[in-house]
Amino acid sequence: SQKIEQNSEALNIQEGKTATLTCNYTNYSPAYLQWYRQDPGRGPVFLLLIRENEKEKRKERLKVTFDTTLKQSLFHITASQPADSATYLCALGRGAGSYQLTFGKGTKLSVIP
Amino acid sequence: SAVISQKPSRDICQRGTSLTIQCQVDSQVTMMFWYRQQPGQSLTLIATANQGSEATYESGFVIDKFPISRPNLTFSTLTVSNMSPEDSSIYLCSGRQGYSEQFFGPGTRLTVL
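Quick look at the structure, then. Worth saying up front: this structure is predicted, and the values here are computed from it rather than measured.

### Re the overall build of chain A
From N to C terminus, chain A includes 0 helices and 11 strands. The order of α-helices and β-strands along chain A, N terminus first, is β-β-β-β-β-β-β-β-β-β-β. For a compact globule of 113 residues, the expected C-alpha radius of gyration is about 13 Å, and chain A comes in at 13 Å, within 12% of that figure. Taking the principal axes of the C-alpha coordinates as reference, chain A spans close to 40 × 30 × 20 Å.

And the structure:
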């Protein structure tokens, strides 16, 4: 069956360091992958989209990679700040022509001052 | 970008009753979706709301339990029918234009006693 796994439920990191979150998937051939941020009591907020033919995308302090051979995406936050503390969700587009997203459970990131 | 609002933001309901959640988008979107998120869990897609036609439901969700309307490109409702405590969850409305980012409402926190 299709499965999305985010490496850990919680990740603690010191301020200023680079946070790396992992999203692995099995039995999928996603056309694209997205990362979202969710704060407590709020809906998810879109961060980045990467397509299957792209290796890397950047946006300010954020970087995402997509390896369709390893079936893995890595999400990096450089120079992390306490304001980056949130739950980060990866979401896979189910396939070509599909608008539906399947979400992972998320990784709760805490950046410690 | 699009801003999505939901009403009510939260409710406490009795078993056996029904609740209708409203979702309003401040601009036209091609796709609208309804998700459920239980504590500590990922978002689960309930259905895709189709304008002017019946919604498309995911496996495990049926129209009799979760009737959905979408009379135009900016508004949708989800009804949770004949509620039981197992329906206690956060219900999220989402909109999307093409394959780009997906916007989420703040969610409706439902508690069924």
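After that view, the rundown keeps rolling.
### A few points about the interface of chain B and chain A
Taken residue by residue, the interface counts 21 residues in chain B and 21 residues in chain A. Around 1700 Å² of area is buried between chain B and chain A when both sides are counted, 55% of it from carbon and sulfur atoms. Between the two partners, chain B and chain A, sit 0 salt bridges. Taken together, the connections running from chain B to chain A amount to 4 residue pairs in polar contact (both at pLDDT 80 or more). When contributions to the side of chain B that touches chain A are tallied by element, the ones reaching two or more residues are strand 4 (31-37), strand 5 (43-49), strand 9 (89-96) and strand 10 (102-104) of chain B.

### Observations concerning the pattern of salt bridges
All names here are of chain A. Going through the model one piece at a time under the given rule, you end up with 5 salt bridges over all chains. A salt bridge links arginine 58 to glutamate 56, with the shortest nitrogen-to-oxygen separation between them at 2.9 Å. Assessed through its relative accessible area of 58%, arginine 58 is described here as exposed. Across the pair arginine 61 and aspartate 84 runs a salt bridge, and its minimum N-O distance is 2.9 Å. A residue pair is termed long-range when its members are at least 10 positions apart, and arginine 61 in the loop between strand 6 (56-59) and strand 7 (62-67) and aspartate 84 in the loop between strand 8 (72-77) and strand 9 (86-93) qualify at 23 residues.

### Observations regarding the packing of aromatic side chains
Counted under the stated rule, the structure contains 12 aromatic pairs over all chains. Considering the side-chain rings of Phe103(A) and Phe104(B), the 5.9 Å spacing of their centres and the 75° angle between planes classify their relative orientation as edge-to-face. Placement of Phe103(A) in strand 10 (residues 101-103) and of Phe104(B) in strand 10 is noted, with the two residues assigned to different chains. We note that Phe103(A), like Phe104(B), is buried. Centre to centre, the rings of Tyr35(B) and Phe104(B) are 5.6 Å apart; their planes meet at 50°, and the pair counts as tilted. In this pair, Tyr35(B) is assigned in strand 4 and Phe104(B) in strand 10, connecting sequence segments 69 residues apart. With respect to burial, Tyr35(B) and Phe104(B) carry one shared label: buried.

### Describing unusual backbone geometry
The residue after Lys7(B), namely Pro8(B), is reached through a cis peptide bond having omega -5°. For Pro8(B), the position within the fold is in the loop between strand 1 (4-7) and strand 2 (10-13). Despite not being glycine, Asn27(A) has its phi angle at roughly 60°, a positive value. Relative to the helices and strands, Asn27(A) is located in the loop between strand 3 (19-26) and strand 4 (32-38). Phi is positive for Asn82(B), which is not a glycine, with a value near 45°. Looking at the secondary structure, you find Asn82(B) in the loop between strand 8 (75-80) and strand 9.

### Some thoughts on the sheet that holds strand 1 (residues 3-6) of chain A
Residue and element names in this part refer to chain A. Read across the sheet, 5 strands follow the order 1-3-8-7-6 without closing on themselves; strand pairing throughout is antiparallel. Bordering the open sheet on either side are strand 1 and strand 6, each of which pairs with just one other strand. Ignoring which end each strand starts from, the neighbouring axes of this sheet average 15° apart. Across 4 bridges, the pairing between strand 1 and strand 3 is antiparallel. Looking at the pairing, isoleucine 4 lines up with tyrosine 25 of strand 3.

### Description of the nonpolar core
Counting 26 residues, the largest nonpolar core has Trp34(B), Ile46(B), Phe66(B), Ile68(B), Leu78(B), Tyr91(B) and Leu110(B) as the members making the most contacts within it. At the level of secondary structure, the elements contributing two or more residues to this core comprise strand 3 (19-25), strand 4, strand 5, strand 8, strand 9 and strand 11 (108-112) of chain B. Counting residues per element, this core draws most heavily on strand 3 of chain B, which supplies 4 residues. In this structure, Tyr91(B) is in contact with Gln6(B), Ile21(B), Tyr35(B), Arg36(B), Ile46(B), Phe66(B), Leu78(B), Val80(B), Gly107(B), Thr108(B) and Leu110(B), ignoring residues within four places of it in sequence. Core analysis: the next-biggest nonpolar cluster, separate from the first, contains 23 residues, Ile50(A), Phe75(A), Tyr88(A) and Leu109(A) among them.

Calculation rules
- Residues numbered from 1 in each chain as written.
- Chains lettered and ligands numbered in written order.
- Predicted model: local features only at pLDDT ≥ 70, side-chain atom pairs only at ≥ 80, totals over all residues.
- Heavy atoms only, no water.
- Helix = DSSP H or I, 4+ residues; strand = E, 2+ residues; numbered from the N terminus.
- Rg over C-alpha atoms; globule rule 2.2 N^0.38 Å.
- Contact = heavy atoms within 4.5 Å.
- Buried area = accessible area lost by both parts, 1.4 Å probe.
- Salt bridge = Lys/Arg side-chain N within 4 Å of Asp/Glu carboxyl O.
- Polar contact = N/O pair within 3.5 Å; in protein donor to acceptor, adjacent residues only side chain to side chain.
- Buried < 20%, exposed > 50% of the residue type's maximum accessible area, 1.4 Å probe, protein only.
- Phe/Tyr/Trp six-rings, centres within 6.5 Å; stacked < 30°, edge-to-face > 60°.
- Pairing = 2+ DSSP bridges.
- Axes fitted to C-alpha atoms, helices over the stretch in contact; angles between N-to-C directions.
- Core = buried A, V, L, I, M, F, W, Y, C linked by side-chain atoms within 4.5 Å.

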